[in-house]
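Topology and contacts: notes
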Amino acid sequence: MSPDVSRKTYALLRERVWPQLQETVDAMGGPEAIGLTQGSAARAAGKVDVRVSGAQAGLGTPPSVPDKVLNTIGYKFCNPLNIKAFGNNWSGMVGQDARGHAIFETPQDGICAAAKILKTYASKYGINTVDGIVDRFCAASDSVTRAYISNVCKAMGVNPGEALDVKDPQVMTKLISAMMRQEIGAVAYSQETITAGVHKALGIAGAAEQPTDKPRLTSKDVAFNPNVQTGDPVIDALPLPDKIKLFRASRQRRGQQAQQAKVELKRSVDNVLSRAINTGDVSGLPDVADFISVYGQDEGVRMHAEVEKQAQLNSAIHSMPAMSVGDMDATSRALTPQKDDPEYATRMEQKATWDKAAEKVKTERAKDPMRFAIVGIPELGFKPIQDWSNQTLAIQELGNRISSYKDVAKRFGTDAHILTKTEATALCQTFANLDEDHQAEYAQKLSDAIFDPVTGDSDALAALASDIGKNHHLLSIALGVASTPQGRENNGALRQIKGNYYRRNKVNDANKDEPEIRQKLDGVLPIPPGSPEYEDLISAVLNEHAYALQAGGSSDVDTAIENVIGPVAEHNGAKIILPSRLSQASKDLMTFTKLGAFEDVLQVYSKDFLKGGKKLVYRNQVVSPEQSARLINTAPLKWVGDGVYFIRDGLRYVTDEKGEPFRLDLNDTISRRIK
């Protein structure tokens, strides 16, 4: 056979057996374990004087054990309980394999690290029974875990649920020995070795140390060494480049398996968390052993606890969307434990979980409360509006919501809304597809349907305008104007749509009066000039002005302002907007001017205020009820809403005794005087 044919034949054979060779290396524990095989092989042959073999054997004379025990990675790594490193810098640790199994200098170090883990179970987590310890420690199927618990209990002579004093060195020694037998198949060390590791973990003085002349494993022993003999004749006969490739592939494969385990665990966790928030079901959450097997003891326990809390939080969030703010707060108070409660820490965690869920629900509901009401409060009978082109059904559903939308706001602790965000967007899209005439008609229909003529309540119309907001400025402005007393009286929504059309197409010259409108409103409105809200009001007045010009009615600027905002007048040296219902308050008012009527209403209000004996704070001084009543009549005012004013105090405002700006609300006084 020629050299070329020989090379090709070898390459073909290698390609075919390569998967089996990788499996063989994996079965040996990977390159790190293979590098330490010489020690276990030497002990099996009775040569404990070999350096690696001496380090692995521990103190004293080790017992005779089967070769299969010596070939476990737990024995080779001086790590008889197969603990994983995962970021822990255990005393005596010199490395780890691709799957995270720690490698120690001596078995005493490995036993000490394992004992510290078991001690932490009891001190930090209250886990001190064989059942609890093995369930936490053993990352395996339920049947394997049950068998593990049974074997450990039999070896120790205890019941699964019996509390163990792991601070007792004799108890810990029995526990370590029993678990070691389960992990690597036998107790492979002398009693002196096990006692030394346990005593060191428990901090007992006088724990035996590895003599200075006794060998230890070093980082060099676990370094990548392709020249090491594996005991497999095929692998040992490979050319060095192929052997290096095989060992590296094994390390990479084991690393990929570890990474895949993380990916699969994350996928399982994400599925459970998603199901918890959508259905409230938290079953199927990976247990702590799954986390420990992937992330190690401390990190695995920490991550499992966090995920468990998140699952509970998601489940709580699922149950909360329809709950009132009052019920949420009441539940939080009920979860607050007494200081002497033995479960204080646990109950405080439960309360914190509830409070966090409640805050998240409150935040999400505030963004779109009507959506939560439709889905979460079926007894209200709300139905989603899906087709705004069907005006009859859409307006019918809006009418259905009028009686309860304020109850929703109160229940959720939010501003009043009558539409979901999706509905508001859809309404604006439907509206934008109409021509001006049909827009005006539809806007007026909405205005007429939502306004309650019996009570005079236009809050639902204002809420609708607010929900539309920036989605469609014109419709929002039109409905906002329609919600005012002036707008209700003169078809304000229709006039706004039509007037905007006239302005935009320059059908008349209403826009030339914009400077005059701005001058008349300067200093009157409670919002800063140039702000979006301020500009919307200017646009509303211009729309009204344009409509009036085209309709041939009263077309002066003052009338346009009055029809949109209210009549502007100067009172005590400051411009204000008079109450919209002032003209109706004629009882006992012997006056023939709007300003005179306003001043008469102030007189009535101030007398009522004086009778109440209340005091105001003016220029940082509390003044008498008599002085307070005089301020109401004589001080300049600032308009903040229909019939509502602040009393000016220089650049500030007069306050009540609590330090809040005093709201001079004349609406009740006007209502009492309307015939």
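One structure accompanies this document, and this report is about it. The structure displayed is predicted, hence computed values, not measured ones.

**Describing the overall build of the chain**
Helix and strand content of the chain: 32 helices and 10 strands. Looking at the chain residue by residue over its 675 residues, the buried ones come to 47%. Pairs at least 24 residues apart make up 61% of the contacts formed inside the chain by residues separated by at least 6 positions. Total accessible area computed for the chain in this model is approximately 33400 Å², and 50% of it derives from carbon and sulfur atoms.

**Thoughts on the packing of aromatic side chains**
Remark: the centre distance and the inter-plane angle together describe each pair of aromatic rings, the angle taken between the planes. Inspection of every chain in the model, using the stated rule, returns 5 aromatic pairs. Between Phe 609 and Phe 662, the aromatic rings sit 5.5 Å apart at their centres with planes inclined by 70°, giving edge-to-face as the arrangement. Placement of Phe 609 in helix α30 (residues 594-612) and of Phe 662 in the loop between β9 (652-653) and β10 (663-665) is noted, with a sequence separation of 53 residues between them. On the accessibility criterion, Phe 609 (7% relative accessible area) is buried. Since its relative accessible area comes to 11%, Phe 662 is described here as buried. When the centroid spacing of 5.0 Å and the interplanar angle of 55° are considered together, the rings of Phe 646 and Tyr 653 count as tilted.

**A closer look at the side chain of Ser 315**
Here Ser 315 lies in helix α15 (residues 297-319). Polar side-chain contacts of Ser 315 include one of 2.9 Å to the backbone oxygen of Gly 280. Excluding anything up to four places from it in sequence, Ser 315 contacts Ala 276, Gly 280 and Val 282.

**Considerations on unusual backbone geometry**
For residues other than glycine, phi is negative in most cases, and the peptide bonds are mostly trans. Backbone geometry at Cys 78 places phi at a positive 55°, although glycine is not the residue there. Inspection of the secondary structure puts Cys 78 in the loop between α6 (73-76) and β1 (93-96). The phi dihedral of Asn 620 is positive, around 65°, even though this residue is not glycine. Along the chain, Asn 620 turns up in the loop between β5 (616-618) and β6 (621-623).

**Some thoughts on the packing of α30 against helix α31 (residues 625-634)**
Where α30 meets α31, the closest approach of the two axes is 9 Å, and the angle between their N-to-C directions is 165°. By the criterion of interaxial angle, the relationship of α30 to α31 is roughly antiparallel. Taken as a pair, α30 and α31 cross one another with a handedness that is right-handed. Taken together, the residues of α31 that come into contact with α30 (itself represented by Leu 602, Gln 603, Tyr 605, Ser 606, Phe 609 and Leu 610) are Pro 625, Glu 626, Ser 628, Ala 629, Ile 632 and Asn 633. By residue class, the composition of the contact of α30 with α31 is 7 nonpolar, 4 polar and 1 charged.

**Details of the pairing of strand β3 (residues 568-571)**
A one-sided burial pattern is seen for β3, the buried positions being Ala 569 and His 571 and the unburied ones Val 568 and Glu 570. Pairing analysis gives 4 bridges linking β3 to strand β4 (residues 574-577), with the strands arranged antiparallel. Bridging from a neighbouring strand, Ala 569 pairs with Ile 576 of β4.

**Some remarks on the pairing of strand β7 (residues 637-641)**
The element β7 is extensively covered by neighbouring structure, given that 4 of its 5 residues are classed as buried. Where β7 lies against strand β8 (residues 644-649), 4 bridges are found, and the strand directions are antiparallel. Within β8, the residue paired with Trp 639 across the bridge is Tyr 645. Linking β7 back to β8 in an antiparallel pair, the connection comprises 2 residues, with Gly 643 at a positive phi of about 75°.

**Here we look at the pattern of salt bridges**
Following the criterion strictly, the structure yields 26 salt bridges and no others. In this structure, the salt-bridge partner of Glu 535 is Arg 518, at a minimum N-O distance of 2.6 Å. Within this pair, whereas Glu 535 is found in helix α28 (residues 532-551), its partner Arg 518 is found in helix α27 (residues 514-521), the two being separated by 17 residues in sequence. Linked through salt bridges whose partners overlap, the residues forming this network are Asp 131, Asp 135 and Arg 146.

**Some thoughts on helix α16 (residues 325-335)**
Every buried residue of α16 is accounted for by Val 325, Met 328 and Ser 332. Down the axis, α16 shows its buried residues gathered within 65° of arc, on one side only. The outward face of α16, more than 90 degrees from its buried face, is lined by the exposed residues Arg 333 and Ala 334. Those residues of α16 that are buried lie in contact with α17 (344-367) and α20 (405-412).

**Here we look at the environment of Arg 371**
Structurally, Arg 371 can be placed in helix α18 (residues 369-376). Arg 371 sits in the partly exposed class, given a relative accessible area of 40%. Placed 46 residues apart in sequence, Arg 371 and His 417 show a C-alpha to C-alpha distance of 9.9 Å.

**Things to note about the environment of Gly 376**
Locating Gly 376 in the fold gives a position in helix α18. Each C-alpha atom of the pair Gly 376 and Met 323 lies 8.6 Å from the other, and the pair is 53 residues apart in sequence.

**Re the side chain of Ser 404**
Position of Ser 404 among the secondary structure elements: in the loop between α19 (391-402) and α20. Leave out the neighbours within four places in its chain, and Ser 404 touches Leu 380 and Phe 382.

**Some details on the packing of α28 against helix α29 (residues 557-564)**
Viewed as axis vectors pointing N to C, α28 and α29 meet at an angle of 120°, and their least axial separation amounts to 8 Å. The pairing of α28 with α29 is recorded here as oblique in orientation. In this structure, α28 crosses over α29, and the sense of that crossing is right-handed. Between α28, through Ala 540, Val 541, Glu 544 and His 545, and α29, the contact on the second element is made entirely by Val 557, Ala 560, Ile 561, Asn 563 and Val 564. Here the contact of α28 with α29 is composed, by residue class, of 6 nonpolar, 2 polar and 1 charged.

Cut-offs used in this document
- Residues numbered from 1 in each chain as written.
- Predicted model: local features only at pLDDT ≥ 70, side-chain atom pairs only at ≥ 80, totals over all residues.
- Heavy atoms only, no water.
- Helix = DSSP H or I, 4+ residues; strand = E, 2+ residues; numbered from the N terminus.
- Buried < 20%, exposed > 50% of the residue type's maximum accessible area, 1.4 Å probe, protein only.
- Contact = heavy atoms within 4.5 Å.
- Areas by Shrake-Rupley, 256 points an atom, 1.4 Å probe, with all protein chains shown as cover.
- Phe/Tyr/Trp six-rings, centres within 6.5 Å; stacked < 30°, edge-to-face > 60°.
- Polar contact = N/O pair within 3.5 Å; in protein donor to acceptor, adjacent residues only side chain to side chain.
- Axes fitted to C-alpha atoms, helices over the stretch in contact; angles between N-to-C directions.
- Parallel < 35°, antiparallel > 145°, perpendicular 65-115°, else oblique.
- Left-handed = near helix turned anticlockwise from the far one by under 90°.
- Nonpolar A, V, L, I, M, F, W, Y, C, P; charged D, E, K, R; others polar.
- Pairing = 2+ DSSP bridges.
- Salt bridge = Lys/Arg side-chain N within 4 Å of Asp/Glu carboxyl O.
- Arc of directions from axis to C-beta.

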